[in-house]
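# Understanding the architecture of this molecule
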Amino acid sequence: MTTSSEPTLILGIETSCDETAAAVVEDGRVLRSNVIASQFHLHAQYGGVVPEVASRHHLEVILQVTDAALAGANVTWRELAAVAVTAGPGLAGALIVGVNTAKTLAWAHDLPILGVNHLEAHLYANWIEVAGREYRVPELPAIGLIVSGGHTELVLMRGHGHYRLLGRTTDDAAGEAFDKGARLLGLG
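### Quick notes on unusual backbone geometry
That bond from G88 to P89 is cis: its omega, -10°, falls within 30 degrees of zero. Tracing the chain through its elements places P89 in the loop between β4 (80–88) and α3 (92–108). A cis geometry characterises the amide bond from L140 onward to P141, with omega recorded as 5°. One can find P141 in the loop between β6 (129–130) and β7 (142–148). Backbone geometry at N74 places phi at a positive 55°, although glycine is not the residue there.

### A closer look at the environment of E176
Of note, E176 is situated in helix α5 (residues 174–184). For E176, a relative accessible area of 26% corresponds to the partly exposed category. For the pair formed by E176 and A68, sequence separation is 108 residues and the distance between their alpha carbons is 30 Å.

### With respect to the sheet that holds β7
Read from one edge of the open sheet, three strands run β7-β8-β9, paired in antiparallel fashion. The open sheet has two free edges, formed respectively by β7 and β9 (162–168), since each of these has just one partner strand. Strand-to-strand twist across the sheet, computed as the mean angle between neighbouring axes with direction ignored, equals 30°. As paired strands, β7 and strand β8 (residues 151–159) are joined by seven bridges and run antiparallel to one another.

### Observations concerning the sheet that holds strand β3 (residues 30–38)
The strand order across the open sheet built from six strands is β5-β4-β1-β2-β3-β6, with neighbouring strands paired in mixed fashion. Of all the strands in the sheet, the pair left with one neighbour each is β5 (113–117) and β6. The sheet contact formed by strand β1 (residues 9–14) and β4 spans five bridges and is parallel. The residue of β4 that forms the bridge with I13 is V85. The strands touched by helix α2 (residues 51–73) are β1, β2 (19–26), β3 and β4; relative to β2, the strand with the most contacts, the crossing angle is about 25°. Here α3 sits on the sheet and contacts β1, β4 and β5; the angle it forms with β4, its principal contact strand, is near 160°.

Conventions adopted
Residues numbered from 1 in each chain as written. Predicted model: local features only at pLDDT ≥ 70, side-chain atom pairs only at ≥ 80, totals over all residues. Heavy atoms only, no water. Helix = DSSP H or I, 4+ residues; strand = E, 2+ residues; numbered from the N terminus. Buried < 20%, exposed > 50% of the residue type's maximum accessible area, 1.4 Å probe, protein only. Pairing = 2+ DSSP bridges. Axes fitted to C-alpha atoms, helices over the stretch in contact; angles between N-to-C directions. Contact = heavy atoms within 4.5 Å.

And the structure:
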């Protein structure tokens, strides 16, 4: 566990769909490491994500990805303050892998676990600072656009944790529509 004079370090785990990811974030804003295991090559032959294939691949790589995130941040388990994990929305089987892995790791290392809403995290990605890159803190109120998997939403952020949904798609998300259109046109 960290002390008040040291930065607060959190390991985040994400398995909501077809990418296994882990990152170490300092003080809720500074990205210390970010490791992603893509599954694009596994799902390309099907023209879309196959949930069972995604879940199995998460199982195969999740510990390697979390270890790489810790190594990339030059952090040990004892330096972490918590483990955060995507708790939803997402593919049920994929979320189960991430949540159960995070619970197990948190328990094994005597750390608290934090459940994170996948869509809210997309909005807050704009507040993440990457070391060595120019950065300006977003001002509120702001309008956020979420285009992720089966979700396309336009959100007014009046303050931290205070949102108003301005609009959303009623069927597939915009990203999925582009994927389907490309498939019909014979594009990748």
